[in-house]
There are 2 protein chains.
Amino acid sequence: MAKESKLTSTALATDDETSHLYRILTRANQIASNTELDDLLDQMLDLIIEVCGGNAGTLYLLDAERDELEFKVIRGPNSDQSLIGKRIKTDLGIVGATMKQTQPLVIENLPDDPRWQKIANSSKDLRNVISTPLYLRGGPIGVVQVFNYSHTPLHIVQMLSARMASEIEKAVLLEASQGRNARLEALIDIIGIIGSNLDRDRVLQLIVRYARDLLHAEHASLFLIDEERDDIVLHVSSSETKVPELRVPRGKGIIGHAIESGDILFVPNVHEDERHFAQAEPITGIATTSLIAVPLVTRTVQLGQGLGASHTKIIGGIEAINRKDGTFTREDAELLLTLATQAATVLQIAKLYEEANELFLDTIQAMAASIDAKDPYTNGHSRRVSEFSVAIGRQMNLPPEELHQLRIGALLHDIGKIGIPDHILGKPGRLTEEESNKMKEHPTIGADIMKNVRLLREELPALAEHHEHIDGTGYPNGLRGEQISLFGRIVAAADVFDALTSDRPYRRALDVEEVLHRMQRECGAHFDEACVRALIQAYLAGEIKTQMDRQTPK
Amino acid sequence: MAKESKLTSTALATDDETSHLYRILTRANQIASNTELDDLLDQMLDLIIEVCGGNAGTLYLLDAERDELEFKVIRGPNSDQSLIGKRIKTDLGIVGATMKQTQPLVIENLPDDPRWQKIANSSKDLRNVISTPLYLRGGPIGVVQVFNYSHTPLHIVQMLSARMASEIEKAVLLEASQGRNARLEALIDIIGIIGSNLDRDRVLQLIVRYARDLLHAEHASLFLIDEERDDIVLHVSSSETKVPELRVPRGKGIIGHAIESGDILFVPNVHEDERHFAQAEPITGIATTSLIAVPLVTRTVQLGQGLGASHTKIIGGIEAINRKDGTFTREDAELLLTLATQAATVLQIAKLYEEANELFLDTIQAMAASIDAKDPYTNGHSRRVSEFSVAIGRQMNLPPEELHQLRIGALLHDIGKIGIPDHILGKPGRLTEEESNKMKEHPTIGADIMKNVRLLREELPALAEHHEHIDGTGYPNGLRGEQISLFGRIVAAADVFDALTSDRPYRRALDVEEVLHRMQRECGAHFDEACVRALIQAYLAGEIKTQMDRQTPK
């Protein structure tokens, strides 16, 4: 059988000094199990003070980039906590002297030391110090000091300092890594939100606000190049309140330089930078200090099979202003650039898509106008009917996609007149019955022309049913009530309203209020009451501009 | 003046035992400054073996989730390194017994201990063991063992074990955090690349390949719901080679369940899961073991001012197959879901954009057809001229965006005939001079109708110049040579080619080769030589389908 040794913690010690050392090391291990840097520093300093029988202590950490030591912890009676975060150059005072050696520096009479700087009120109570460098692989990373010590166990102090240096390094690494993780995760969340909402201006607004928050900045703004005016214009700001128009000449300001050069620009203090465009400050009301600016670059965007290809181009820039803590870092630049890429993509896609829609609407409008033009008295009719229909639909709270369909359907409502002979369309007087019957074919012809356009299915009733009456007396199919589609009923009201409020060869335009009264009387017979009510609401809201309104100079 | 104490490392020690302890602690501090977990474990174990005067050792770490200990390090003569990575249950053997206590377990005669399991050939040389739990805040996280010890400095072993536990925890945390950083950074890079290239199928291909690589999977695939056939179809695979068509019934397979439920599904072994769709394996040739599947969800996508809004919908799913190391994790699921969101956005945007283009092309084609229809003998003319023009442009290597413009311009080339009276358009015989002059206005009328459509500017020459001749004898403006735009020259060739190869009231369609010969003779007079050459090349490549070809059943 095996013999087992069970030992208690005290039994481990072989003599008093070793036992004391083990107790301290056990405490150090417990403290080190803390991964929060601030707690770790506090408790380690307390332990060192206790070991030396002191009553105060300080801890400084090195900022190697700026060659400065930063106050991290102060312990002791009446300690001035406002010193925390303050910085001193690494070659000054006792701290500076400590950085130059690898072993503890013991000063028995502090007030007499010429290097001693009384930086706080409580400094006057400090009599002596053990000042030890925190040494890590060939270089100091900070200084730990114990004041008013009663004994100098330098071997333990040095051991604990070495341990502290190692723990600090790990905690700093972990904190940096976890902080970076949190920012990257936030960025990915943001990208997810951006990707799922492509309402352009809303997305750009989100992007600048996320940029502001993620970079700990006070403001962020997105500028676009205005090709026509050849300048740079503030397009979206992170501000919750309305921002006045801001235009910057090409190549002016930090943002102008970033846009012109395509570079990422960091400026710790704009007032020391001659590129700063100071004229912007009174307009925005923002007192700028630090600033980071990145260009907005669109790369190749290709949608579908080679449609709408485009190439690399700087279209604007994003800037973040006034970092709340410290100065902007290379990591901030990376994050801002990632957000800028997202913004550029959103802008590019929205532009392609809006252009595709603009092209479509303008083209069918031009065609509808050319068909209207065959009868000189219906000049601009299709366009007005489209606008009136949308105004009615809006009053009826149709969702955006249905309003879009309604706009298209109404624009095309008379397209079937392509198939009506010119002599009937252009005839100034009254039509014969035969001519009138031919004319009444235009809704059917229009629907026939467009029936094979798969994506116009929703719009077709506007073409086919705009001459149906609610009581079933209309044409071509004598539909009644809800047999007539909503689009058909809306366009019917808009169509008649425009006809009656426009000049005709055989009569002048009628007065709008008279027309609306007449149409109200025809509700349930010719018109759908809800549509006429919505038309009246739209008229009262100032959204209806008749042919006469358009002709009369303001 | 202050008195300074300078002390060397050896001077710190007060007696032999403490001096020995300091040397060990200094070594431990040096080892701990290593942030690479594997190096740290190796060197710490070596130090403990040395302290005990042993010649072999092992280190196990706990996998709390699976309640197993994993072999991490083995040191010693003839040690069997293949044991590394092997796992044992936490309640077995001496290691299991060690996990149950907080202090070292010393076994002086190992071969006689009933708990001892000789798992390797070299085990026979092991005489005794100090087996110590690695204890961290209330629980063991592993076991360290020293074999063939010559003395038992348990206090030091325990101290070093405590230190080791703390260092292991920090190194594991840091490694996990840095590993996560690397994946998140890769993900952000990927999103940037995706965002800058919206050629749909190329992007989806990228997404599944990145999914595969980022998840350390052997394969990844994207499935889409096919609404028409009411099943799920493999749309893109990460495979570099062509994958056969794969269709899965709705709700079948792991992927089908993920799509139907909207859940993320982890399956460590599909053959133990009744949802597995085994029929897929012979088709794909992939022997699936582990699998993770996430749904592809499109959220609200709004482009422009409320155009093309849509709502939350599951449109498919992505799966990753066979993780190369271990099983898929929650973090894998997060990454896959982020990529799936990107894929869904790309699909949604591409769909909106393609639909906008389809709507436009189909609508203007329907209108052009209705104008062609006014002259029954030009039935389908505009569409054919558009196709021939694109075929010519393709032979001339025009870039995709210009081919797109050419398609539109050619489709609209005769749109000005809206303004030509029906009796002229539909006249079966020869036109009078007056009628002919009227007819010759159609290019100008067409350009006038469309001149205000901002985004059709590139296309306008196809309308205005398709009756100009290269020698200046055409109409309306008698342009010559390169004064005529490329689109004008291309459409001129396509227009005449279609007219001559179609039946007309006064003659039958001419033979294609005869027409091409005739056009070749007219190069430099009527036609641009390069356009006719490209037309002939397109014809020889089988890309030209005349009116006759379309009428004749195959």
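Because the structure is a prediction, the values reported are computed rather than measured.

1. Describing the overall build of chain A
Scanning chain A from terminus to terminus reveals 18 helices and 12 strands. The C-alpha radius of gyration of chain A comes to 39 Å, more than 25% above the 24 Å expected for a compact globule of 554 residues. Seen along its three principal axes, the alpha-carbon backbone of chain A occupies a region of about 125 × 75 × 45 Å. By residue count, 56% of the 554 residues in chain A fall in the buried class. Taking the intrachain contacts of chain A between residues at least 6 apart in sequence as the baseline, contacts between residues at least 24 apart amount to 60%. Entry remark: accessible area of chain A is about 24,600 Å², with carbon and sulfur atoms responsible for 49%. Charge-centre separation for chain A: the mean point of 60 positive side chains lies 1 Å from the mean point of 81 negative side chains.

2. Remarks on the domain arrangement of chain A
For chain A, the assigned domains read domain 1 (12–177), domain 2 (198–349) and domain 3 (373–551). Of note, the centres of domain 2 of chain A and domain 3 of chain A, computed from C-alpha atoms alone, are 47 Å apart.

3. Some details on the nonpolar core
Judged by nonpolar contacts, the single largest core of 107 residues is most densely connected at L412, M450 and F497 of chain A together with L412, M450 and F497 of chain B. For this core, the element with the highest residue contribution is helix α15 (residues 486–500) of chain A, accounting for eight residues. Discounting residues that sit within four places of it in the chain, M450 of chain B has contacts with T363, A366 and M367 of chain A together with L412, I415, L456, L460 and L463 of chain B. Counting 70 residues, the second largest nonpolar core, distinct from the first, contains I130 and L160 of chain A together with I48 and L59 of chain B.

4. A closer look at the pattern of salt bridges
Tallied over the entire structure, the rule returns 85 salt bridges over all chains. In this structure, K89 of chain B engages E68 of chain B in a salt bridge whose closest nitrogen and oxygen atoms are separated by 3.7 Å. Residue K89 of chain B is found in strand β3 (residues 87–89), and its partner E68 of chain B is found in strand β2 (residues 68–75); the two are separated by 21 residues along the sequence. Judged by its relative accessible area of 14%, E68 of chain B falls in the buried class. Residue D414 of chain B pairs with K417 of chain B through a salt bridge whose shortest N-O separation is 3.2 Å. One exposure class covers both D414 of chain B and K417 of chain B, and it is buried. Overlapping salt bridges, with partners in common, bring together R180, R183, R323, D325, E331, D332 and E334 of chain A together with E185 of chain B in one network.

5. Some points on the sheet that holds strand β12 (residues 313–323) of chain B
Residue and element names in this part refer to chain B. Read from one edge to the other, the open sheet built from six strands follows the order β9-β8-β7-β12-β11-β10, with strand pairing classed as antiparallel. The open sheet is flanked by β9 (247–249) and β10 (265–267), the only strands paired with a single partner. The sheet shows a mean angle of 25 degrees between the axes of neighbouring strands, direction not considered. Relative to strand β11 (residues 291–298), β10 is paired through three bridges, and the arrangement is antiparallel. Its bridge partner being in β11, V267 is matched across the sheet by L291. Against the sheet, helix α6 (residues 200–214) makes contact with β7 (217–226), β8 (231–237) and β12, and its axis sits at roughly 140 degrees relative to β7, the strand it touches most. Across the sheet, helix α7 (residues 253–261) lies against β7, β8, β10, β11 and β12, angled at about 145 degrees from β12, the strand it touches most.

6. Quick word on the pairing of β11 of chain B
Residue and element names in this part refer to chain B. In terms of residue burial, β11 counts as a mostly covered element, since seven of its eight residues are buried. When β11 meets β12, the two strands line up antiparallel, connected through eight bridges. Across the sheet, residue P295 finds its bridge partner in β12, namely G317.

7. Comments concerning the packing of aromatic side chains
In total, this model carries seven aromatic pairs over all chains according to the counting rule given. Ring geometry for F360 of chain A versus F360 of chain B: centroids 6.4 Å apart, planes at 90 degrees, classification edge-to-face. With one member in each of two chains, F360 of chain A in helix α8 (residues 330–372) and F360 of chain B in helix α9 (residues 330–372) form a pair that bridges those chains. Residue F360 of chain A is classed as buried on the basis of its relative accessible area, which comes to 1%. A ring pair is formed by F388 of chain A and F497 of chain A, whose centres lie 5.4 Å apart and whose planes are at 80 degrees; its orientation type is edge-to-face. Of this pair, F388 of chain A sits in helix α9 (residues 381–395) while F497 of chain A sits in helix α15, and the two are 109 residues apart along the sequence. Accessibility classification places F388 of chain A together with F497 of chain A in one group, the buried group.

8. Remarks on the sheet that holds strand β6 (residues 139–147) of chain A
All names here are of chain A. Across the sheet, which stays open at both edges, the six strands sit in the order β3-β2-β1-β6-β5-β4 with antiparallel pairing between neighbours. In this open sheet, the two strands that pair with only one neighbour each are β3 (87–89) and β4 (105–107). Pairwise comparison of adjacent strand axes, ignoring direction, gives a mean angle of 25 degrees for this sheet. In this sheet, β6 lies alongside strand β1 (residues 56–63) in antiparallel orientation, the contact comprising six bridges. By the bridge assignment for β6, G57 is matched with V146. Lying over the sheet, helix α2 (residues 37–52) contacts β1, β2 (68–75), β5 (129–136) and β6, oriented at roughly 70 degrees with respect to β2.

9. So, helix α18 (residues 529–540) of chain B
Residues and elements named next belong to chain B. Helix length check: α18, at 12 residues, gives a terminal C-alpha distance of 16 Å against a target of 16 Å (1.5 Å per residue), a fit within 8%. Taken as a whole, α18 has its buried residues at C531, V532, A534, L535, I536 and A538. Residue G542 follows α18 closely and has a positive phi angle near 75 degrees.

10. Digging into the side chain of H526 of chain A
Residues and elements named next belong to chain A. Examined against the element boundaries, H526 turns out to sit in the loop between α16 (512–521) and α17 (529–540). Of note is the side chain of H526, whose polar atom sits 3.2 Å from the side chain of H469. Setting aside residues up to four positions removed in sequence, H526 forms contacts with E468, H469, I470 and V496.

11. Details of unusual backbone geometry
The peptide bond linking Y475 of chain A to P476 of chain A adopts the cis configuration, its omega dihedral lying at 0 degrees. The residue P476 of chain A is located in the loop between α14 (460–464) and α15 in this model. If you check the backbone angles, N148 of chain B has positive phi at about 55 degrees while not being a glycine. Within the secondary structure, N148 of chain B sits in the loop between β6 (139–147) and α5 (154–195). Of note, N397 of chain B is a non-glycine position whose phi angle comes to about 60 degrees, a positive value.

12. What about the environment of T363 of chain B?
Tracing the chain through its elements places T363 of chain B in helix α9. C-alpha separation for the pair T363 of chain B and V172 of chain B, spaced 191 residues apart in sequence, amounts to 63 Å. If we skip the residues at most four places from it in the chain, T363 of chain B touches F360, I364, M450, V453 and L456 of chain A. Within the structure, T363 of chain B has its side chain in polar contact with the backbone oxygen of L359 of chain B (distance 2.6 Å).

13. Considering the environment of L535 of chain B
Residues and elements named next belong to chain B. Inspection of the secondary structure puts L535 in helix α18. When its relative accessible area of 0% is taken as the criterion, L535 is described as buried. Considering only alpha carbons, one finds L535 and T90, 445 residues apart in sequence, at a separation of 79 Å. In contact with L535, not counting residues within four places along its chain, are I392, F497, L516, M519 and I544.

14. Overview of the side chain of S166 of chain A
Inspection of the secondary structure assignment puts S166 of chain A in helix α4 (residues 154–195). For S166 of chain A, the contacting residues outside a window of four places in its chain are L136 of chain A together with A32, S33 and R163 of chain B.

15. Observations concerning the packing of α9 of chain A against helix α10 (residues 400–411) of chain A
Residue and element names in this part refer to chain A. For the pair α9 and α10, the least separation of the axes is 8 Å and the interaxial angle reads 155 degrees. The angle between α9 and α10 falls in the class roughly antiparallel. Both α9 and α10 take part in a crossing whose hand is right-handed. Residues S382, R383, V385, S386, S389, V390, G393 and R394 of α9 touch α10, and the partners they reach there are L403, L406, R407, A410 and L411.

16. A closer look at a negative patch on the surface
Negative charge collects at one region of the surface, where E36, D38, D39 and E175 of chain A lie side by side. Take E36 of chain A: its relative accessible area is 48%, and that puts it in the partly exposed class.

17. Points about the state of the cysteines
Under the criterion given, the structure shown has zero disulfides over all chains. With no disulfide of its own, C523 of chain B lies closest to C531 of chain B among cysteine sulfurs, the gap being 8.7 Å.

Rules behind the numbers
Each residue is numbered by its place in its chain's sequence as written, counting from 1. For naming, the first written chain is A and the first written ligand is 1, with later ones following in the order written. Local features are withheld for residues below a pLDDT of 70 in this predicted model, meaning they are given only at 70 or higher, and side-chain atom pairs are given and counted only at 80 or more; totals for whole chains, interfaces and linings count all residues. Neither water nor hydrogens contribute to the side-chain values; these are computed over all heavy atoms in the structure. Helix numbering and strand numbering both begin at the N terminus, where a helix is a DSSP run of H or I of at least 4 residues and a strand a DSSP run of E of at least 2. Radius of gyration means the value over C-alpha atoms here, while the globule rule gives 2.2 Å times the residue count to the 0.38 power. Between buried and exposed lies partly exposed: a residue is buried under 20% and exposed over 50% of the maximum accessible area for its type, with that area taken using a 1.4 Å probe on protein chains only. Between two residues, a contact is recorded if the distance between any of their heavy atoms is within 4.5 Å. In these tables, accessible area is a Shrake-Rupley quantity obtained with a 1.4 Å probe, and a residue counts as shielded only by the protein chains included in the view. Under this rule, positive means Lys or Arg and negative means Asp or Glu; His and the chain ends count for nothing. Charged side chains are reduced to one point each, which is NZ for Lys, CZ for Arg, CG for Asp and CD for Glu. Just so you know, the domain bounds were taken from an automatic or database domain assignment. Side-chain atoms within 4.5 Å are what join buried Ala, Val, Leu, Ile, Met, Phe, Trp, Tyr and Cys residues into a set we call a nonpolar core. The rule for a salt bridge is simple: a side-chain nitrogen of Lys or Arg has to be within 4 Å of a carboxyl oxygen of Asp or Glu. The pairing criterion is simple: DSSP has to find at least two bridges between the two strands. For every element, the axis is a line fit to its C-alpha atoms; helices are fit only across the contacting stretch, and the angle between N-to-C directions ranges from 0 to 180 degrees. Here a pair means two rings of Phe, Tyr or Trp (six-membered ring of Trp) with centres within 6.5 Å. Their orientation is stacked below 30 degrees between planes, edge-to-face above 60, and tilted elsewhere. Here the expected span of a helix is defined as 1.5 Å times the quantity of residues minus one. Residues adjacent in sequence count toward polar contacts only when both atoms are side-chain atoms; beyond that, a polar contact is any pair of N or O atoms within 3.5 Å, and within protein one must be able to donate a hydrogen and the other to accept it. For this classification, under 35 degrees means roughly parallel, over 145 means roughly antiparallel, 65 to 115 means roughly perpendicular, and everything else is oblique. A clockwise turn of the near helix away from the far one marks a right-handed crossing, whereas an anticlockwise turn of less than a right angle marks a left-handed crossing. Within the patch definition used here, like charges are joined within 9 Å and nonpolar side chains (Val, Leu, Ile, Met, Phe, Trp, Tyr) within 5 Å, considering only residues with over 30% relative accessible area and no salt bridge. The disulfide criterion used throughout: a pair of cysteine sulfur atoms within 2.5 Å.

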